[in-house]
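Below, each chain spelled out in residue letters.
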Amino acid sequence: MQEVKAFPKGFMWGAATSAYQCEGAALEDGKKENQQDVINRQIHDEYGYADCSVATDHYHHYKEDVALMAEMGFTSYRFSINWSRVLPDGVGEPNPKGVEFYHNLIDELKAHGIEPIVTMWHYDLPMALVNKYDGWGSRQIVDDFEYYARFICKEYGSKVKYWLTINEQSIVVNYIDRKNLITKEDQFNPKFRYQANHYMNLAHAKAAIAVHELVPGGQCGAALDMAPYYPASSSPEDVLAAKNASNFKNYFYMDAYFKGTYTPSVMAYLKRQGLDFVIEDGDMDIMKKGAECFDFLGINYYQSACVKSPTPGLARRSKQNNKIGKGGHVTYEVQPDLFEGCKNEYLKDTDFSMPIDPMGLRYVLEDIYDRYHKPMMICENGFGAYDKLEEDGSIHDPYRIEYIRAHIKAMREAIENGVELIAYNPWSAFDLLSTSNGIAKRYGFVYVDRTDDDVKECKRYKKDSFYWYKNVIATNGKNLE
Ligand code: BG6
């Protein structure tokens, strides 16, 4: 029998989604376009992946989806608000029907005893702001984000305690051209992404202050994509590369949230590389105030990473995961004079070339807690795969169960070592669009019947993992059989 000690009393079990990946109704009931509507339409035209117009039709299925969450025993659900659904032009006139949708969703969750955990921004800036000033490229976004944050805190604050400002800021910075529609000129401006990162830090800080001001008992966090960086060998050069990667990819973002400061070695590197950015008078005070309102960190954990001393002369590049789900085909990240990614020979990869490493989750949880002493919640963790709907309506996904089981064990070990972990919200509550592989790559506990080419009726089916997770929740994480 696969048993661990039960989780602490009050630990929240649920799952996560994001608005543009599941809602659909992209232009319905007064919603205007956001950048993901546009980006995913381009991806559809280029690669044939499903776009956001229907996604997995959560907008019309939300009651059924919440009922399925309740059947699994969820006590939390992390979702995001689609900014251009509530404020179609980014700021100004609200859209009553869009505002009502999230009231209905939140009320439905609460009626089933499920705690809503709301992400303010999950990659979907209103196109109105992108067209006006290139999104995160302009300082104006800081004020507009604050306007939006204050609007939703006032609207939903009496019902929502947990707020996440920004999803995966480090990923947005790394893949700025894919997560933020920007002009060609900005794409080729090497300083753009770190200036945008600074604006995100200011926007985050102002939103965190708004949560504390406007939400009675409100708790504010942000969700970061988190991978531990292991050295490829014990050579001092590789160990230094791993330290560099941890600072550059992880602590640079966490120091900003937890402490309201910038990591000195990363700032020095950015300056050497000509990637430094403008900090105006008073900015660091705003970040410091924001840090005082930062209550918990959301962890999105899928994989660990391995790095070595960078090969001299290699140009800067981001990691490209494989798009075909057949193993291999991965291009590793390079940051000149800092680190170069490589395969970890000790770990098995998923078919989408993500190393499976439950111990890495324990590593990051303990490492972060020892450093910052603040609670954490898992906001994403999961196994993307090609699932098969059998003729009898079943879906057998033992690989997902195995993956999640191992990660729950790792969380348990971290808690034993003193980590304050308050929730587990794996990706995803039900199937939704992947950011990179359309609907073919699925993560949900509930199968949504549609393909990239045919939206069908988006009928819901329970996967084997649905029943397994229900039992995990019923035993507060004790029985992982
Ligand atoms: C996280 C994102 O990075 O990874 C999600 O917050 C995303 O939006 C998830 O869906 C899984 O990645 P992918 O590319 O397989 O969808």
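Considerations on the site of the ligand
- Neighbouring the ligand are 14 residues; E168, E380, T435, K441 and Y443 lie closest to it.
- Within the side chain of S436, one N or O atom sits 2.8 Å away from an oxygen atom of the ligand.

Topic: unusual backbone geometry
- Of note, the bond from W427 into S428 is cis; its omega dihedral lies within 30 degrees of zero at 10°.
- Along the polypeptide, S428 turns up in the loop between β12 (421-424) and β13 (446-449).
- A positive phi angle is found at A25, which is not glycine, with a value near 45°.
- As for its position among the elements, A25 is in the loop between α1 (19-22) and α2 (35-47).
- At E168, a residue that is not glycine, the phi angle is positive and equals roughly 50°.
- Position of E168 among the secondary structure elements: in the loop between β4 (162-167) and α8 (169-174).
- In this structure E168 comes out as buried when scored by relative accessible area, which is 6%.

Concerning the sheet that holds strand β2 (residues 76-80)
- The eight strands lie next to each other as β1-β2-β3-β4-β5-β7-β11-β12, forming a closed barrel whose pairing is parallel. Put simply, the sheet's adjacent strands are angled 30° from each other on average, direction ignored.
- Taken together, the four bridges between strand β7 (residues 296-300) and strand β11 (residues 376-380) define a ladder with parallel strand orientation. Bridging from a neighbouring strand, N300 pairs with E380 of β11.

Observations concerning the environment of D453
- Checked against the element boundaries, D453 lands in the loop between β13 and β14 (459-462).
- A relative accessible area of 74% means that D453 is categorised as exposed.
- Residues D453 and Y49 lie 404 residues apart in sequence; the distance between their C-alpha atoms is 7.6 Å.

A look at empty space enclosed by the protein
- On inspection of all chains with the given rule, the structure shows four cavities of 30 Å³ or more.
- Of the volumes computed, that of the largest cavity is approximately 50 Å³.
- For the largest cavity, the full set of lining residues is Y302, T350, F352, M354, G382, F383, G384, Y403 and K441.
- Partitioning the lining of the largest cavity into residue classes produces five nonpolar, three polar and one charged.

Focus: the pattern of salt bridges
- A complete count under the given rule lists 29 salt bridges for this structure.
- Across the pair R85 and E23 runs a salt bridge, and its minimum N-O distance is 2.9 Å. Of this pair, R85 sits in helix α4 (residues 83-86) while E23 is found in the loop between α1 and α2, placing the two residues 62 residues apart along the sequence. The same class applies to R85 and to E23, which are both buried.
- With a shortest N-O distance of 4.0 Å, D255 and K259 are connected by a salt bridge. Of this pair, D255 and K259 both sit in helix α12 (residues 236-259), four residues apart, roughly one helical turn.
- A relative accessible area of 42% places K259 in the partly exposed class.
- Three or more residues joined by partner-sharing salt bridges are found here, namely D387, D397, R400, D431, R442 and K463.

Examining the packing of helix α11 (residues 192-214) against α12
- For the pair α11 and α12, interaxial distance at closest approach is 10 Å and the crossing angle is 35°. The element α11 and its partner α12 pack so that their crossing is right-handed. Along its contact with α11, which presents Y194, N197, N201 and H204, the element α12 presents F248, F252, Y253, A256 and Y257.
- Within the contact of α11 with α12, the residues separate by chemical class into six nonpolar, three polar and no charged.

Structural notes on the layout of surface pockets
- By volume, the second largest pocket is sized at about 320 Å³.
- As for the second largest pocket, its lining consists of 15 residues, and the residues nearest its centre are K348, I356, F383, Y399 and E402.
- A total of four residues in the lining of the second largest pocket trace back to one element, the largest contributor, which is helix α16 (residues 398-416).
- The class makeup of the residues in the lining of the second largest pocket is nine nonpolar, two polar and four charged.

Reading the values: rules and limits
Residues numbered from 1 in each chain as written. Predicted model: local features only at pLDDT ≥ 70, side-chain atom pairs only at ≥ 80, totals over all residues. Heavy atoms only, no water. Near = heavy atom within 4 Å. Polar contact = N/O pair within 3.5 Å; in protein donor to acceptor, adjacent residues only side chain to side chain. Helix = DSSP H or I, 4+ residues; strand = E, 2+ residues; numbered from the N terminus. Buried < 20%, exposed > 50% of the residue type's maximum accessible area, 1.4 Å probe, protein only. Pairing = 2+ DSSP bridges. Axes fitted to C-alpha atoms, helices over the stretch in contact; angles between N-to-C directions. 1 Å grid on protein atoms, 1.4 Å probe; cavity = no way out; pocket = protein on both sides within 12 Å on 5 of 7 lines; lining within 4 Å. Points joined across faces, edges and corners; volume = space filled by probe spheres on them. Nonpolar A, V, L, I, M, F, W, Y, C, P; charged D, E, K, R; others polar. Salt bridge = Lys/Arg side-chain N within 4 Å of Asp/Glu carboxyl O. Left-handed = near helix turned anticlockwise from the far one by under 90°. Contact = heavy atoms within 4.5 Å.

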